[in-house]
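Overview (structure and organization)
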Amino acid sequence: MASQTLTDSTLISMDPIFHILKIVPFSVLRPPRLRLKLPSFTLPSPMTVFALVVLTYFMVVSGIVYDVIVEPPGIGSTQDPATGSIRPVVFLPGRVNGQYIIEGLSSGFMFVLGGIGIVLMDLALDKNRAKSVKVSYASAGISSLIIAYVMSMLFIRIKIPAYLSSVFIE
């Protein structure tokens, strides 16, 4: 009842010209019968999704957005004070909020290596695998995680020379 009064009041308050434009063409014309199929698509495999997630993670932690906006050089250079020759520099020392492109990519690779190490250690917990495969997964995961951690700490120490030095002195 309430919906009928709402419809009646809507028709009464409708502009007559709009009403004519809305009704007249469809009294003469008839919309075609379209037999459209909904497009069917298959879902990507879990490994494809995982690869896309890892690639996106690599790009984000590597600082691709920073590289596109700021456009830093790929690698830096410094002059050797003893010989006067120009040496390539991969890490931008002393600036935490700046990076060379190679520095970002190498740091991002270390983060991805650590993440893959965690995934390998998780795969080592599967009960349906042979013991040798589980040991291989666990050792590869632990070693990649240790390598990623040690290299990331090395990168931070190159970037910030006095990083965590007061912790080890006391």
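The chain carries the name Oligosaccharyltransferase complex subunit in an unreviewed UniProt entry, which gives Hevea brasiliensis as its organism. Of the comments in the UniProt record for the chain, the one headed Subcellular location (unreviewed entry) reads "Membrane". In the Sequence similarities (unreviewed entry) part of its UniProt record, the chain is described as follows: "Belongs to the OSTC family."

**Focus: the overall build of the chain**
What the chain contains, in helices and strands, is seven helices and two strands. Counting from the amino terminus, helix and strand elements in the chain follow one another as α-α-α-α-β-β-α-α-α. A buried classification covers 18% of the 170 residues belonging to the chain. For the chain, the accessible area works out to roughly 13500 Å², and carbon and sulfur atoms hold 71% of it.

**Some remarks on the layout of surface pockets**
Approximately 350 Å³ is the volume attributed to the largest pocket. In terms of lining, the largest pocket is formed by 18 residues, of which the most central are Q99, E103, S107, I156 and K159. Listing elements by their share of the lining of the largest pocket, those giving two or more residues are α3 (46–62), α5 (101–123) and α6 (131–159).

**Thoughts on the packing of α5 against α6**
It is the contact of α5 with α6, at a shortest axis distance of 7 Å, that shows an interaxial angle of 155°. On the basis of the axis angle, α5 is roughly antiparallel to α6. Where α5 crosses over α6, the two elements pack in a sense that is left-handed. Here the contact of α5 with α6 is built from residues that sort into 16 nonpolar, seven polar and two charged.

**Here's the deal with the UniProt feature "transmembrane region" (unreviewed entry) in the chain**
Here the UniProt feature "transmembrane region" (unreviewed entry) sits at residues 49–69, 100–125 and 137–158. Each end of residues 100–125 is marked by a C-alpha atom, and these two atoms are 39 Å apart; helix forms 88% of the span and strand 0%.

**Section: the pattern of salt bridges**
Charged atoms that come close allow side chains of opposite charge to pair. Under the definition given, this model contains two salt bridges. As a salt-bridge pair, K159 and E103 come within 2.9 Å of each other at their nearest N and O atoms. Linking K159 in helix α6 with E103 in helix α5, this pair joins segments that are 56 residues apart in sequence. You'll find K159 and E103 in the same group, each marked buried.

**As for a nonpolar patch on the surface**
Together, V65, V68, I69 and V70 make up a nonpolar patch on the protein surface, roughly 410 Å² of accessible area in all. Mapping V68 onto the fold places it in helix α4 (residues 64–70). Overall, the relative accessible area of 57% leaves V68 in the exposed class.

Calculation criteria
- Residues numbered from 1 in each chain as written.
- Predicted model: local features only at pLDDT ≥ 70, side-chain atom pairs only at ≥ 80, totals over all residues.
- Heavy atoms only, no water.
- UniProt positions renumbered as here; feature names shortened; annotations may be inferred.
- Helix = DSSP H or I, 4+ residues; strand = E, 2+ residues; numbered from the N terminus.
- Buried < 20%, exposed > 50% of the residue type's maximum accessible area, 1.4 Å probe, protein only.
- Areas by Shrake-Rupley, 256 points an atom, 1.4 Å probe, with all protein chains shown as cover.
- 1 Å grid on protein atoms, 1.4 Å probe; cavity = no way out; pocket = protein on both sides within 12 Å on 5 of 7 lines; lining within 4 Å.
- Points joined across faces, edges and corners; volume = space filled by probe spheres on them.
- Axes fitted to C-alpha atoms, helices over the stretch in contact; angles between N-to-C directions.
- Parallel < 35°, antiparallel > 145°, perpendicular 65-115°, else oblique.
- Left-handed = near helix turned anticlockwise from the far one by under 90°.
- Nonpolar A, V, L, I, M, F, W, Y, C, P; charged D, E, K, R; others polar.
- Salt bridge = Lys/Arg side-chain N within 4 Å of Asp/Glu carboxyl O.
- Patch = residues over 30% accessible without salt bridge, like charges linked within 9 Å, V, L, I, M, F, W, Y side chains within 5 Å.

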